[in-house]
Amino acid sequence: SDSRNIVVDMVRRVAQKVFIPFTVGGGIRTVEDFRMLLREGADKISINSSAINTPQLISDAADKFGSQCVVVAIDAKKRDDQSGWDVYVKGGRENTGLDLIEWVTKCENLGAGEVLLTSMDADGTKAGYDLDMLNAVCNAVDIPVIASGGCGSIQDIIEVFEKTDVDAALVASLFHFNEATVEEVRNECRKHGINVRRAM
């Protein structure tokens, strides 16, 4: 977060090499940060703690650059009493006390164009996405929701699209550890009638 020049250079170099939309997040606190990274080739900007600390940043960035490039990343965890989910920051170490559904609704009202929703309960388990949490959020907002946390197999990806209304699914370790390829995931999704973009 204190190495802005390094981040800008990284974004510029990625934009020169890849020809798919990409999102940049981490340490973004101002509209000027948005402007700088979009100018270097990012398609969308993801904010998390800064959105909580300064909700006006969501609407300011949406007004300036359009809602489509404002992604609010949210880390949430089920409350001990099972009454709902709380929003966390600082890598899941700090409970903000914000209710997930109230916060995601506020983000949409402020102009966020997309939500990247990570279940801290599912993250790292490779036991599948948190379908209950995803359904609760999808029912609360009309903007696209990206499911994150818990993917351990191609079947988990199929399941999240079949059992929730998410618009996208984030996959990490499945690809990092070569347990599946992007094309294998695409093919399985197509077999199950899930609409995916064709490879370039």
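An account of the accompanying structure is given in this report.

Rules and cut-offs
- Residues numbered from 1 in each chain as written.
- Predicted model: local features only at pLDDT ≥ 70, side-chain atom pairs only at ≥ 80, totals over all residues.
- Heavy atoms only, no water.
- Buried < 20%, exposed > 50% of the residue type's maximum accessible area, 1.4 Å probe, protein only.
- Helix = DSSP H or I, 4+ residues; strand = E, 2+ residues; numbered from the N terminus.
- Pairing = 2+ DSSP bridges.
- 1 Å grid on protein atoms, 1.4 Å probe; cavity = no way out; pocket = protein on both sides within 12 Å on 5 of 7 lines; lining within 4 Å.
- Points joined across faces, edges and corners; volume = space filled by probe spheres on them.
- Salt bridge = Lys/Arg side-chain N within 4 Å of Asp/Glu carboxyl O.
- Phe/Tyr/Trp six-rings, centres within 6.5 Å; stacked < 30°, edge-to-face > 60°.

1. Some words on the pairing of strand β4 (residues 85–89)
- By the criterion of burial, β4 is predominantly enclosed, with 5 of the 5 residues buried.
- Side-chain alternation along β4 places Trp85, Val87 and Val89 on one buried face and Asp86 and Tyr88 on a second face that is also buried.
- Looking at chain direction, strand β3 (residues 70–78) and β4 are connected through 4 bridges and run antiparallel. Note on β4: the bridge partner recorded for aspartate 75 is tyrosine 88.
- Where β3 folds back onto β4 in an antiparallel hairpin, the turn is made up of 6 residues, including glutamine 82, whose phi is positive at roughly 65°.
- Bridge analysis of β4 against strand β5 (residues 94–99) gives 3 bridges, and the strand direction is antiparallel.

2. Details of the layout of surface pockets
- In this model, the largest pocket occupies a volume close to 1,500 Å³.
- Of all the secondary-structure elements, those providing two or more residues to the lining of the largest pocket are β1 (23–25), β2 (44–47), β6 (114–119), α7 (154–163), β8 (168–169) and α9 (182–191).
- Looking at the lining of the largest pocket, the element that brings in the most residues is α9, giving 4 residues.
- Estimates place the volume of the second largest pocket at around 220 Å³.
- Taken together, Gly25, Gly26, Gly27, Ile28, Arg29, Ser46, Ile47, Asn48, Ser49, Ser50 and Ala73 form the lining of the second largest pocket.

3. Some words on the pattern of salt bridges
- In the structure shown here, the tally under the stated rule is 14 salt bridges.
- Linking glutamate 179 and lysine 126 is a salt bridge whose minimum nitrogen-to-oxygen distance equals 3.0 Å. Here glutamate 179, found in the loop between α8 (173–176) and α9, pairs with lysine 126, found in the loop between β6 and α6 (131–140); they are 53 residues apart in sequence, far enough to count as distant.
- For glutamate 179, a relative accessible area of 42% translates into the label partly exposed.

4. Remarks on the packing of aromatic side chains
- For the structure on display, the rule yields 1 aromatic pair.
- Both rings, one in phenylalanine 34 and one in phenylalanine 65, keep their centres 6.2 Å apart while their planes meet at 5°; by these two values the pair is stacked. One end of the pair, phenylalanine 34, is in helix α2 (residues 31–39); the other, phenylalanine 65, is in helix α4 (residues 56–65), and 31 residues separate them in sequence.
- Residue classification places phenylalanine 65 among the partly exposed positions, given a relative accessible area of 21%.

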